[in-house]
Number of protein chains: 2
Amino acid sequence: MTRKEEIRLIALKLMKFHGFSGLTMRLLAKELGIEAASIYNHISSKDDILEQVCVDLATKFQSAVLEVNDIYFNAPEKLNILIKHHVNILCEDLNASSVFMHEWRYLKEEKRLEFIGKRNLYEQEIRKIIQLGIEEGHFNEVDTKFAAITLLSALNSVVEWYKPSGELSPEQVAQNLAQFVLTGLSKQKL
Amino acid sequence: MTRKEEIRLIALKLMKFHGFSGLTMRLLAKELGIEAASIYNHISSKDDILEQVCVDLATKFQSAVLEVNDIYFNAPEKLNILIKHHVNILCEDLNASSVFMHEWRYLKEEKRLEFIGKRNLYEQEIRKIIQLGIEEGHFNEVDTKFAAITLLSALNSVVEWYKPSGELSPEQVAQNLAQFVLTGLSKQKL
DNA sequence: GTGAAACTAACATACGTTAGTTAGTGATTA
DNA sequence: TAATCACTAACTAACGTATGTTAGTTTCAC
């Protein structure tokens, strides 16, 4: 691991706790055991760290959903696969995911708009899946925008509690989420 | 409306967009058409604004869930009522709710721990409802911690998209959420 | 002796906040 | 009626500190 990657890693860990504004270069330096100015031998700016992680994760999510929607499956299958991908991406680097979820609003104007664009595209592709499910007769006739946002919010909650040291693997979490989202809490006896 | 309330209102509106750290007293002052220092004739500190809204909303949520769990109902009924209360609280002041959701981590140590305590209590009470539902035979045998967090996350997504000018009333939103959470996306034909 | 990685010193700016003052308004009193 | 007082809400000026970042220099292993 290069020093640059090391810095990024610790920066994300701290950013998860203190938020983007709460993480100062001097705090980051202290954690690294060096002076704040020394950090600039490896990275170009504080904004850069945030930008990189946001663009990086947004791209991963985008690839995942486009891939799923490119292959022929029915909606429940698509949703299952997407949830698995989504959870895997989130769990791969929980600090990065947490920053991605909470700190994107501190991106500079241009990058922020770019980010929102990618996020909307992701939501749009999920709405397509839900719409498909309705047309197939697999899903209830819900409002696709409402359903997509609620679904995404449920999935993203994973970053708030998932511990790699815990009992569940990302695959099991994905399975639980899929069950929750598809069948809900109630037993089938309404 | 007193000047103090007016300041609080605009502060929350700005905080929703810029985050707690992104809202500076000088920006707030500009929006108010006065000087930054003048704000201190009405409020005691920037932290105070955050504290007030966090404590205020946390208390409301707490009252709601305790009330629901104090009355005798079965779990699906309790959940329905709680969701209605939850959404109503969120929609009452969307700016405040958004700040409550995203900026609580910027509370000072002491108040933050207090906040987390109240939040945990809320989660705990929801787990009780889910546990009750399982024992009654109404709910699937899910992990209550997982279910409570996922449920809460789904509910809280309301602050990200709800517009009072839109078609749906808070009651209708609550109904949609209840359906989503209880029966899921799938039609009952598994 | 070359390159990576740290250092010291400093700059310009931005921040929350305090202190002391002023302007206007409405009620009370001489 | 005119003068006094309290109150509200704004002002100017400034303080002390923190921030991201730079420029130039040193250290040290290969």
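Provided above is the structure to which this section pertains.
Everything numeric in this text was worked out from a predicted model, so none of it was measured.

## Remarks on the overall build of chain A
For step 1, the next point in the chain: Broken down by element type, chain A carries 9 helices and 0 strands.
For step 2, the next point in the chain: In chain A, the order of α-helices and β-strands from amino to carboxyl end is α-α-α-α-α-α-α-α-α.
For step 3, the next point in the chain: Across chain A, contacts joining residues at least 24 apart in sequence account for 64% of those joining residues at least 6 apart.
For step 4, the next point in the chain: For chain A, the accessible surface area stands at approximately 9,400 Å², while carbon and sulfur atoms represent 51% of it.

## Some remarks on the protein's contact with DNA strand C
For step 1, the next point in the chain: Neighbouring DNA strand C are 16 residues; R3, E35 and N41 of chain A together with T24 and Y40 of chain B lie closest to it.
For step 2, the next point in the chain: Across the atoms of DNA strand C situated within 4 Å of the protein, the share located in sugar and phosphate is 54%.
For step 3, the next point in the chain: Y40 of chain B is positioned such that a nitrogen or oxygen atom in its side chain is 2.5 Å from a phosphate oxygen of DNA strand C.
For step 4, the next point in the chain: Taken together, the residues that form the surface near DNA strand C break down as 6 nonpolar, 5 polar and 5 charged.

## Digging into the interface of chain B and chain A
For step 1, the next point in the chain: The partner chain A presents 41 residues to the 41 residues of chain B that form the contact.
For step 2, the next point in the chain: The contact between chain B and chain A buries some 3,800 Å² in all, and 60% of this surface belongs to carbon and sulfur atoms.
For step 3, the next point in the chain: Together, R105, F146 and L185 of chain B form the three largest contributors to the area buried by chain B at its contact with chain A, with a combined 20%.
For step 4, the next point in the chain: Applying the counting rule to chain B against chain A returns 1 salt bridge.
For step 5, the next point in the chain: Between E103 of chain B and R105 of chain A there is a salt bridge, and its shortest N-O distance comes to 4.0 Å.
For step 6, the next point in the chain: For the pair chain B and chain A, the interface holds 19 residue pairs in polar contact (both at pLDDT 80 or more).
For step 7, the next point in the chain: Elements with a minimum of two residues in the side of chain B that touches chain A: helix 1 (3-22), helix 5 (94-103), helix 7 (144-156) and helix 9 (170-183) of chain B.
For step 8, the next point in the chain: Ranked by residue count, the leading element in the side of chain B that touches chain A is helix 1 of chain B, at 8 residues.

What counts as what
- Numbers given to residues run from 1 along each chain, matching the order in which its sequence is written.
- To label them, take the chains in the order written and letter them from A, then take the ligands in the order written and number them from 1.
- With the structure being a predicted model, the display of local features is reserved for residues of pLDDT at least 70 and the display and counting of side-chain atom pairs for 80 or more, all residues being used for whole-chain, interface and lining totals.
- Based on all heavy atoms of the structure, the side-chain values leave hydrogens and waters out of the count.
- A helix here means a DSSP run of H or I that spans at least four residues, while a strand means a run of E at least two residues long, and both kinds are numbered starting from the N terminus.
- Any two residues whose heavy atoms approach within 4.5 Å at even a single point are treated as in contact.
- Per-residue and other accessible areas were derived by the Shrake-Rupley procedure at a 1.4 Å probe size, with only the shown protein chains allowed to occlude residues.
- For this description, a residue counts as near a given molecule or strand if any of its non-hydrogen atoms is within 4 Å of it.
- Any pair of N or O atoms that falls within 3.5 Å is considered a polar contact. Within protein, one atom must be able to donate a hydrogen and the other to accept it, and sequence-neighbouring residues count only if both atoms are side-chain atoms.
- Throughout this entry, Asp, Glu, Lys and Arg are counted as charged residues, while Ala, Val, Leu, Ile, Met, Phe, Trp, Tyr, Cys and Pro are counted as nonpolar. The remaining residues, Gly among them, count as polar.
- Using a 1.4 Å probe, buried area is obtained as the accessible area two parts lose upon being combined, added over both of them.
- A pair is scored as a salt bridge if a Lys or Arg side-chain nitrogen falls within 4 Å of a carboxyl oxygen belonging to Asp or Glu.

By themselves, these are just geometric observations and shouldn't be taken as functional.
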